[in-house]
Amino acid sequence: MKTHLITILSFLMLLACQNRQTDAQNETLTDTAALKPDTIDTGAQIPALAKQVLTALKNKDYESFAGFIHPAQGFRFSPYGYVDTATAMVFSARAFLDELSKKPQTKITWGQYDGTGEPITLTIEAYFKKFVYNADFLNAPQTSLNEMIGSGNSLNNLTAIYRDCAFTEHHFPGFDQKYNGMDWCSLRLVFKNYNNKIYLVGIVHDQWTI
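Predicted model only: the values in this text are computed from it and were never measured.

Draft legend 1. Summary view of the overall build of the protein. Scanning the protein from terminus to terminus reveals six helices and eight strands. Of the regular secondary structure in the protein, the N- to C-terminal order runs α-α-α-β-β-α-β-β-α-β-α-β-β-β. Split into buried and exposed, the 210 residues of the protein put 36% on the buried side. Counting only contacts in the protein whose residues sit at least 6 apart along the sequence, the fraction spanning at least 24 positions is 56%.

In structure tokens form, the structure reads like this:
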């Protein structure tokens, strides 16, 4: 009887050790999974996401557009290829929608006009018309991913400002032949990965400047 009891106790102790070992292995697997690097294929997702953003902009569906905005850092508007972080406006999704809902809309200073240095003071809707969707970028004849197309006589610092981001460019090489391409314009959408989802962090308009 005593020998039988010792055998049972030994078996229970062995079973407990095995359970603790299994729990430790599971914890290790959980920790490893938590530390797995991001595997999102941005090259496959971003062009499709850019199309959705441009569709919302073309349709002036700003509620849908706001859903693409980075929830932690918001997004920045730049009227020209050189992103001036000191003057370019940054909005959260909520602040953006709040500004749009104002009747009448507030005039905001977005930066300075290239060439004159005069302040760009416009409502959101007026700014969008002039420095965001001033052409049918959804159907632009030239597009790219992480490559610049439009270039002029002004500096372009997008990749320096958005080092850990990806961007698309939607480009019109010109509209009137008499200008020999000097009336080109581009819209660049800048995206960043956050919590395994891709969000919009910047809209950079660009064009030939004097």
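Draft legend 2. Spotlight on the packing of helix H4 (residues 93–101) against helix H5 (residues 124–131). The interhelical angle for the contact between H4 and H5, taken along N-to-C directions, is 105°, at an axis separation of 9 Å. One element, H4, and the other, H5, form an angle in the roughly perpendicular class. Contacts between H4 and H5 involve Phe-96, Glu-99 and Leu-100 from the former and Ile-124, Glu-125 and Phe-128 from the latter. Residues that form the contact of H4 with H5 fall into these classes: four nonpolar, no polar and two charged.

Draft legend 3. Just unusual backbone geometry, in detail. With omega at -5°, the peptide bond leading from Lys-103 into Pro-104 counts as cis. With respect to the helices, strands and loops of the structure, Pro-104 is situated in the loop between H4 and strand E3 (108–112). Backbone geometry places Lys-60, a non-glycine residue, at a positive phi of 55°. Locating Lys-60 in the fold gives a position in the loop between helix H2 (42–58) and helix H3 (62–66).

Parameters and conventions
Residues numbered from 1 in each chain as written. Predicted model: local features only at pLDDT ≥ 70, side-chain atom pairs only at ≥ 80, totals over all residues. Heavy atoms only, no water. Helix = DSSP H or I, 4+ residues; strand = E, 2+ residues; numbered from the N terminus. Buried < 20%, exposed > 50% of the residue type's maximum accessible area, 1.4 Å probe, protein only. Contact = heavy atoms within 4.5 Å. Axes fitted to C-alpha atoms, helices over the stretch in contact; angles between N-to-C directions. Parallel < 35°, antiparallel > 145°, perpendicular 65-115°, else oblique. Nonpolar A, V, L, I, M, F, W, Y, C, P; charged D, E, K, R; others polar.

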